[in-house]
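Secondary and tertiary structure notes
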Amino acid sequence: PFILSSKQRQMEELAQLRERLGFKGSAERLQQLGPLDAGQLDDSLNALAKLKEEWEGEISASLDRELVSCQKSIDKAVAAGTSVGHVQQILSRGRSSLNERKLLEAMRAVELVRAELDNAAQTDRRLNDTLAQIEESLEQLKEMKADVRDATVLLEQSRALRRTGQSSSAADLAKRALERCQ
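Described in the following lines is the structure provided in the data block. These numbers come from a predicted model, not from an experiment. Just so you know, the residues in each chain are numbered from 1, in the order the chain's sequence is written. Given that the model is predicted, a residue must reach a pLDDT of at least 70 before its local features are reported, and side-chain atom pairs must reach 80 or more before they are shown or counted; all residues, however, enter totals for whole chains, interfaces and linings. Here the side-chain values reflect all heavy atoms present in the structure, with hydrogen atoms and water set aside.

**A short note on the nonpolar core**
- We call a set of buried Ala, Val, Leu, Ile, Met, Phe, Trp, Tyr and Cys residues a nonpolar core when their side-chain atoms join them within 4.5 Å. Exposed residues in this analysis have more than 50% of their type's maximum accessible area, buried residues have under 20%, and partly exposed residues fall in between, with area computed by a 1.4 Å probe over protein chains only. One finds L63 and V113 to be the most contacted residues of the largest nonpolar core, which totals 30 residues.
- A run of DSSP states H or I qualifies as a helix once it reaches four residues; a run of E qualifies as a strand once it reaches two. Both are numbered from the N-terminal end. Of all the secondary structure elements, the ones that give two or more residues to this core are α1 (2–20), α3 (41–79), α4 (85–99) and α5 (103–143).
- Considering every element that reaches this core, the biggest residue donor is α3, with nine residues.
- For V113, the contacting residues outside a window of four places in its chain are C70, I74, V87, I90 and L91. In this analysis, two residues are considered to be in contact whenever any of their non-hydrogen atoms come within 4.5 Å of each other.

**Quick word on the pattern of salt bridges**
- A carboxyl oxygen of Asp or Glu within 4 Å of a side-chain nitrogen of Lys or Arg is what we treat as a salt bridge. Tallying each qualifying case throughout the model produces 14 salt bridges.
- Taking the shortest distance from any N to any O, the salt bridge between E66 and R114 comes out at 1.8 Å. Note that E66 is positioned in helix α3 and R114 in helix α5, a separation of 48 residues in sequence.
- Judged by its relative accessible area of 37%, R114 is partly exposed.

**What about helix α7 (residues 167–181)?**
- Under the convention used throughout, the expected extent of a helix is 1.5 Å for every residue step, that is, one less than its residue count. Here α7 is 15 residues long and its end C-alpha atoms lie 21 Å apart, about the 21 Å a rise of 1.5 Å per residue gives.
- Those residues of α7 that sit buried are S167, A170, L173, A174, A177, L178 and C181. Each buried residue of α7 lies within a common arc of 145 degrees when the element is viewed along its axis, so the set occupies one face. Of the exposed residues in α7, those oriented more than 90 degrees away from the buried face are S168, K175 and E179. This arc is built from the directions going out from the helix axis to the C-beta atoms.

**Focus on the environment of V68**
- Among the secondary structure elements, V68 is positioned in helix α3.
- Sequence spacing of V68 and R95 is 27 residues, and the spatial spacing of their C-alpha atoms is 9.5 Å.

**As for the environment of S92**
- Position of S92 among the secondary structure elements: in helix α4.
- On the basis of relative accessibility, which here comes to 38%, the residue S92 falls in the partly exposed class.
- When the C-alpha atoms of S92 and A106 are compared, they prove to be 9.7 Å apart, with 14 residues separating the residues in sequence.

**Digging into α4**
- Here α4 is 15 residues long and its end C-alpha atoms lie 21 Å apart, about the 21 Å a rise of 1.5 Å per residue gives.
- Along its buried surface, α4 packs onto α3 and α5.

**With respect to the packing of α5 against helix α6 (residues 149–163)**
- Orientation is described by axes fitted as lines to C-alpha atoms, over the contacting stretch for helices, and by angles from 0 to 180 degrees between their N-to-C directions. Where α5 meets α6, the closest approach of the two axes is 11 Å, and the angle between their N-to-C directions is 155 degrees. In terms of axis orientation, α5 runs roughly antiparallel to α6. The hand of the α5/α6 crossing is left-handed. The residues of α6 that touch α5, namely those facing D124, L127, N128, L131, I134, E135 and L138, are A151, T152, L155, S158, R159 and R162. Oblique is the label for any angle not under 35 degrees, not over 145, and not in the 65 to 115 range, which are roughly parallel, roughly antiparallel and roughly perpendicular in turn. By definition, turning the near helix anticlockwise from the far helix through less than a right angle yields a left-handed crossing, and turning it clockwise yields a right-handed one.

**Points about unusual backbone geometry**
- The phi angle at R101 is positive, at roughly 65 degrees, despite the residue not being glycine.
- By secondary structure assignment, the location of R101 is in the loop between α4 and α5.
- Although it is not a glycine, K145 sits at a positive phi angle of roughly 65 degrees.
- With respect to the helices and strands, K145 occurs in the loop between α5 and α6.
- Judged by its relative accessible area of 74%, K145 falls in the exposed class.

Pasting the structure below:
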């Protein structure tokens, strides 16, 4: 019947989610229930419901730990001066999804937060490298008695934008300052 196949599909999706979270043997555990028989619909549905409740509890606890870990990573990024406001919003949506028992959405939020934090860290490192390169170029130009006012203004504006969390605008200004230095 349709109900039994639908429940089996839901359990297979939960098994995949468990695997993504590092739980092993989900498919085997599902197979241990044996062939689900339409003639024994109540027994089959009860067995699936019991396993589903157990798995959802494990998945929820694991996702909660992942969200806490992501929050700690965000806090570290903020302390380091990285702009991560949009990542905090994604994490909040993930927490809401978990509270609403939308486990797959919560997992997607965790994965997206991690990817965005990695991206923000790489962007910040590139910006740091560019700013250091500009400072070095400005020192060389000053030694040669060249006019560095425009580049210095752009450098300071870039730093100010970075402090306000506008990393992409800061990077654009830093590139312009670097061009003026060359």
